[in-house]
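Geometric and topological summary
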Amino acid sequence: MAITVRDSKFILKTDNTAWILRIAEGYLESLYYGADVPDCDLEYLVNTQILNFAPYDADLGLKYIYGARLYLYSGANSGDFRTPACDVVDQNGYTGCRFSYAGYEILPETPADFAMPKIRGGGETLKILLTDRDKKIDAELYFQPAEDCDAFVRYARIVNRSGGVVSLKKAASLQLDFDNGRFDLLSVAGAPGDEMRNLRRPVTQGKAEISSRFGVTGHSANPFFALCAPSATEDAGECYGFNLLYSGNFKNEIECDCHGCVRVVSGISDENFFWTLKDGDSFYTPQAVCVFSEEGIGGMSRRFHRLCREHVIPPRYKDTRPVVANTWESFYFTVDEDKVRAFAKKAKEIGADTVVLDDGWFRNEDNENLGDWEPDSRRFPSGLGKLVEAVKAEGLNFGLWFEPEMISRRSKLFKAHPEWLLQNGDKGSESRNQYVLDMANPAVVDHVFGVMAAYLSRYDISYVKWDMNRYLSEVGSGCLSNQGEASHRYALGVYALLERITEEFGVLVEGCAGGGGRFDLGMLYYEPMIWLSDNTDPYNRTEIQFGAATAYPPCALSYHFSKGEGTSGKPSGPYFRMLAANFACFGYELDLTKLSGEEIAACRAFTEKRRSYDKYVLGGDFYKLDADGKYYYACLQVLKDRSAALLTFIQVDAQIRYESLVLRLKGLKSDARYKVGESGLVLYGRTLEKAGVRISDLLCPHWKEEDPSRIALKAGKAGSGIAFEIVEVKD
Ligand code: GLA
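Note that the structure is predicted; figures quoted are calculated from it, not measured.

Quick look at the overall build of the protein chain
Of regular secondary structure, the protein chain possesses 14 helices and 38 strands. Computed over its C-alpha atoms, the radius of gyration of the protein chain comes to 27 Å, within 12% of the 27 Å expected for a compact globule of 731 residues. Each principal axis of the C-alpha distribution contributes one length, and for the protein chain these read about 85 × 70 × 40 Å. Partitioning the contacts of the protein chain with sequence separation of at least 6, the portion at a separation of at least 24 is 68%. Put simply, the protein chain shows about 26,400 Å² of open surface, and 48% of that area lies on carbon and sulfur atoms. Averaging the positions of the 85 positive and the 103 negative side-chain charges in the protein chain gives two centres separated by 3 Å.

Below is the structure:
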């Protein structure tokens, strides 16, 4: 049973973890969260120490000191000085709240009125009712175990029963307190073109914050973070991972108080957030998800990967992704009808299945026409209809780029509806020559839907690249009286639009925000893959992908083989560039019409080979193999039944000792025998795990350098690498 209620305790279990909550003196507390344990009676763990200077319950006295307890949802200004999860301004203008236990219910599934991205296929949900008895404000806490992923989904609903109007200043999705926890904080940080770097630092007294005020998740931070034992490695040690199914401003607070208690509070950012609740109104927070692993950071990553694959991305894309040929880095703004026709012919030859017409189809440069969405008559004189037909006639699908949330000053829409801009009374700032539409306004959402629907219903378009090339600044909405609601209502408007577009037209939406500026589980709920970065340099991209894979599965990372004249300044041959696609969804983004016959053949061979690897990329368990990040990256993608795996080794720098590197494999069946690439070796899984394989000497010398059919290069120099399968041999 995933949820058991016994003796004033709630016992929540997943396959390998347990979370035990208790009701004590009328308050809800967390007793234990971590690896599954056979006992539930863990009262002896409760901290009864008397803390100096600490407020206590006026009726219970010193035996109930707020600051010593482990809570699930603390109110502000209430005697617990740690970071609160919730803050309310009541009808008399007083701030703060304190919640006590008021009952529970077990629901068969997520409540039907929860209208944001959610964990799919979730079963039973424990709803615990907390209430502030004086203010008559409820906090319903939801706990949903995702057993197969060792994950718990958490969210809250705040209900105003006060008889008057109250304002929510803060409403987190999740709070989790650890007694005396010693942790390292792992997060991902970056910049446009340099996304998803992994950062690790000790949690010390004080507060760390990982947040966004960009209006979207942003390039520089991501809602994912983890608390791991200081000794935890990729393969061993305890690790708690957290993430949000949310794409707007978020705030993760990790605070260690003077007694060593570590509190995590995660949810919508409370900056510029102020939500009006009339009597009877309620507010759902987005869903947060936490996983626990005893198998190190890698174990946590694999649990998140499974969760994302099985319970977040739209189920229809579980086993399939298109191979895309995209016009952007191929032609930029010089794209035209003839070029796309010629491009499509070559796309067919290399084995792609979808041609995506990127930016440039409705404008000449990036300072005009966003919002109007009319084909540029100079370069697409006959509109898009004939072109879509021509691409379809090649046996290819057609994809179209939109930036639905944006508007150019130089557009008809700007003239017709200046009031549709996101604005806060200021003149507003430009960014990338454009402004943001007020998606908090349902009339704007309807309008954008209408414009996109006109294309999607008229033409045979099966793919939309949904871009978003600037952050939100001067946030406010002409249709709201309370501007503290604008940011979140913007995110809700985007979700509503995505919901309608994907449901009504069944199109695959690839996410993008100037690269990885909006990479999160909220978007992945609608978009099975997201363009991870505008940096397609294979040296840089490999690092970005490895960083992203700490939190997100390879099947969610979109990467295209490009010209390779990248920011690293290092030369990269075509096969090296292809290797990076072995742990991401791949496509092509270079002028295919300029490729020689030999290069086309090499691309075709690669497409075929890479398609045969789909089973590893889309469904495999991902293991980082001793990736030192300085000289090489190596990973193994192991099928669920562990009967086969794909090893990808990418050398990004040279050092003489790495020429004869031995890699130890992971995740195989110890007692099964495996054929190792084309080396002629057949070895037990245990041997491969303990003794490993010697990459260069064993596997490379007899392979011709830059042999397209094998996708291998002689390892040992920067810009080299190898990929091969390890397949179980049955006697
Ligand atoms: C962003 C995207 C690119 C491309 C351009 C078009 O930068 O990340 O892939 O679509 O916009 O303007």
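After that view, the rundown keeps rolling.
Regarding the packing of aromatic side chains
Under the criterion given, the structure shown has 55 aromatic pairs. One aromatic cluster is present, built from ring pairs that chain together W19, Y33, F143, F152, F178, F183, Y240 and F292. The ring of W531 carries R541 above its face, with NZ or CZ at 4.6 Å from the centroid.

Concerning the environment of V291
Locating V291 in the fold gives a position in strand β20 (residues 288-293). On the accessibility criterion, V291 (0% relative accessible area) is buried. In the structure, V291 is positioned 141 residues away from D150 in sequence and 5.6 Å away in space, judged by C-alpha atoms. The contact partners of V291, leaving out residues within four places of it in the chain, are Y33, C149, D150, A151, C239, Y240, G241, M300, R303 and F304.

Some remarks on helix α4 (residues 385-393)
By the burial criterion, the buried members of α4 are G385, L387, V388, A390 and V391. Looking at the packing, one finds that the buried side of α4 touches α3 (337-349), β22 (354-357) and β23 (397-402). Positioned one or two residues after α4, G395 has a phi angle of 85°, which is positive.

Focus: the pairing of strand β10 (residues 166-178)
Along any regular strand the residues' side chains alternate between the sheet's two faces. The buried fraction of β10 amounts to twelve of the 13 residues, a majority that puts the element mostly inside the structure. Bridging between strand β5 (residues 86-89) and β10 involves four bridges; their strand directions are antiparallel. Looking at β10, one finds that V88 is bridged to L168. In this structure, β10 lies alongside strand β18 (residues 275-277), joined through three bridges in antiparallel fashion.

Thoughts on empty space enclosed by the protein
Taken as a whole and judged by the stated rule, the model has eight cavities of 30 Å³ or more. Across the lining of the largest cavity, the residue classes break down as eight nonpolar, three polar and two charged. Each pocket or cavity is described by its volume, and for the second largest cavity that value is around 60 Å³. V188, A189, G190, E195, M196, G218, H219, A221, N222, G516 and F519 are the residues that line the second largest cavity. When contributions to the lining of the second largest cavity are tallied by element, the ones reaching two or more residues are β11 (184-189) and β14 (221-228). Partitioned by chemical class, the residues of the lining of the second largest cavity number five nonpolar, five polar and one charged.

Considerations on the pattern of salt bridges
Taken as a whole and judged by the stated rule, the model has 51 salt bridges. Measuring nitrogen to oxygen at the nearest pair gives 3.4 Å for the salt bridge that ties D460 to K392. You can see D460 sitting in the loop between α6 (442-458) and β26 (461-466) and its partner K392 sitting in helix α4, a full 68 residues away along the chain. Given the relative accessible area of 29%, K392 is considered partly exposed. D591 is the salt-bridge partner of K594, the closest N and O atoms lying 3.2 Å from each other. The exposure class of D591 is buried, given its relative accessible area of 13%. The structure contains a network of salt bridges with shared partners spanning K9, R22, E29, D41, E43 and R69.

Observations concerning a nonpolar patch on the surface
Taken together, the side chains of V5, Y104 and I106 present a nonpolar region at the surface, about 240 Å² in accessible area. Summarising the element assignment, Y104 is placed in strand β6 (residues 100-107).

Let's talk about the site of the ligand
In the neighbourhood of the ligand, 13 residues make up the surrounding shell, with D358, D359, R432, K465 and D534 lying closest. Between the ligand and D359 there is a distance of 2.6 Å, counted from an oxygen atom to a side-chain nitrogen or oxygen. A distance of 3.1 Å is found between an oxygen atom of the ligand and a side-chain nitrogen or oxygen belonging to W401. Across the shell around the ligand, the residue classes tally to four nonpolar, three polar and six charged.

Section: the domain arrangement of the protein chain
As far as domains go, the protein chain holds domain 1 (3-311), domain 2 (315-531) and domain 3 (623-728). A straight line from the C-alpha centre of domain 1 to that of domain 3 covers 41 Å. Contacts between the two partners involve five residues from domain 1 and, on the opposite side, four residues from domain 3. Taking both sides of the interface into account, the surface hidden between domain 1 and domain 3 amounts to around 400 Å²; carbon and sulfur atoms contribute 39%. Viewed at the interface, domain 3 and domain 1 are joined by two salt bridges. A salt bridge links K640 to E310; the nearest nitrogen and oxygen atoms lie 3.9 Å apart. For the pair domain 1 and domain 3, the number of links is one residue pair in polar contact (both at pLDDT 80 or more). Here the residues of the side of domain 1 that touches domain 3 sort into no nonpolar, one polar and four charged.

What to know about a negative patch on the surface
On the surface, D15, E124, E147 and D148 cluster together into a negatively charged patch. With respect to the helices, strands and loops of the structure, E147 is situated in the loop between β8 (137-146) and β9 (151-160). We classify E147 as partly exposed; its relative accessible area is 37%.

Things to note about the nonpolar core
Of all hydrophobic cores here, the largest spans 192 residues; its most connected members are Y73, L168, L227, L357, W361, L524 and Y588. The element that contributes the greatest number of residues to this core is α6, accounting for nine residues. Taken together, domain 1 (3-311) and domain 2 (315-531) each give at least three residues to this core, which thus spans both. The residues touching Y73, leaving out its near neighbours within four places in the chain, are A85, C86, F99, L130, A139, L141, A156, I158, A171, A172, Q175 and T285.

Here we look at the sheet that holds strand β36 (residues 681-684)
The strand order β31-β32-β33-β38-β35-β36 describes an open sheet built from six strands, whose pairing is antiparallel. One side of each edge strand has no neighbouring strand; the edge strands of this open sheet are β31 (621-624) and β36. Strand after strand, the sheet turns through a mean of 25° between neighbouring axes, direction not considered. Across four bridges, the pairing between strand β35 (residues 673-676) and β36 is antiparallel. By the bridge assignment, R673 is partnered in β36 with Y684. Contacts from helix α9 (residues 538-548) reach β31, β32 (632-638) and β33 (644-651) within the one sheet, and its direction differs from that of β32 by about 50°.

Basis of the calculations
- Each residue is numbered by its place in its chain's sequence as written, counting from 1.
- pLDDT decides what is reported in this predicted model: residues at 70 or higher carry local features, side-chain atom pairs at 80 or more are listed and counted, and totals for whole chains, interfaces and linings draw on all residues regardless.
- Computation of side-chain values: all heavy atoms of the structure, hydrogens and water removed.
- Only runs of H or I of at least four residues qualify as helices and only runs of E of at least two qualify as strands under DSSP, and these elements are numbered from the N terminus.
- Every radius of gyration here is taken over C-alpha atoms, with the globule rule written as 2.2 Å times N^0.38, N being the number of residues.
- We call two residues in contact when some of their heavy atoms are within 4.5 Å.
- Accessible surface area values rest on a Shrake-Rupley calculation with a 1.4 Å probe, where residue burial reflects the displayed protein chains alone.
- Think of it this way: Lys and Arg go in the positive column, Asp and Glu in the negative one, and His and the chain ends go nowhere.
- Charge positions are represented by NZ for Lys, CZ for Arg, CG for Asp and CD for Glu.
- Between rings of Phe, Tyr and Trp, where Trp is taken as its six-membered ring, a pair exists when centres lie within 6.5 Å; planes separated by under 30 degrees are stacked, by over 60 edge-to-face, and by other angles tilted.
- Ring-over charges, as used throughout, are those where CZ of Arg or NZ of Lys falls within 6 Å of the ring centre and within 35 degrees of the ring normal.
- Think of it in three bands: with a 1.4 Å probe and only protein chains considered, a residue is buried below 20% of the maximum accessible area for its type, exposed above 50%, and partly exposed in between.
- A strand pair is defined by DSSP finding two or more bridges across the two strands.
- A cavity here means a set of 1 Å grid points, computed over protein atoms only, where a 1.4 Å probe fits but cannot escape. A pocket is an open set with protein on both sides within 12 Å along at least 5 of 7 lines, and lining residues have an atom within 4 Å of a point.
- Grid points are joined across faces, edges and corners, and a volume is the space filled by probe spheres set on the points.
- The residue classification treats Ala, Val, Leu, Ile, Met, Phe, Trp, Tyr, Cys and Pro as nonpolar and Asp, Glu, Lys and Arg as charged. All others, Gly included, are polar.
- Definition used for salt bridges: Asp or Glu carboxyl oxygen within 4 Å of a side-chain nitrogen of Lys or Arg.
- Note that patches include only residues with greater than 30% relative accessible area and no salt bridge, and the join distances are 9 Å for like charges and 5 Å for nonpolar side chains (Val, Leu, Ile, Met, Phe, Trp, Tyr).
- Throughout, the term near means that a residue has one or more heavy atoms lying within 4 Å of the molecule or strand in question.
- In protein, a polar contact requires one atom able to donate a hydrogen and another able to accept it; more generally it is a pair of N or O atoms within 3.5 Å, and residues adjacent in sequence count only if both atoms are side-chain atoms.
- Bear in mind that the domain bounds are from an automatic or database domain assignment.
- Note on definitions: buried area is the accessible-area loss of two parts on being combined, 1.4 Å probe, summed for both.
- Here, nonpolar core means buried Ala, Val, Leu, Ile, Met, Phe, Trp, Tyr and Cys residues that are tied together by side-chain atoms lying within 4.5 Å of each other.
- What counts as an axis is a line fitted to C-alpha atoms, over the stretch in contact for a helix, and the angles between N-to-C directions run from 0 to 180 degrees.

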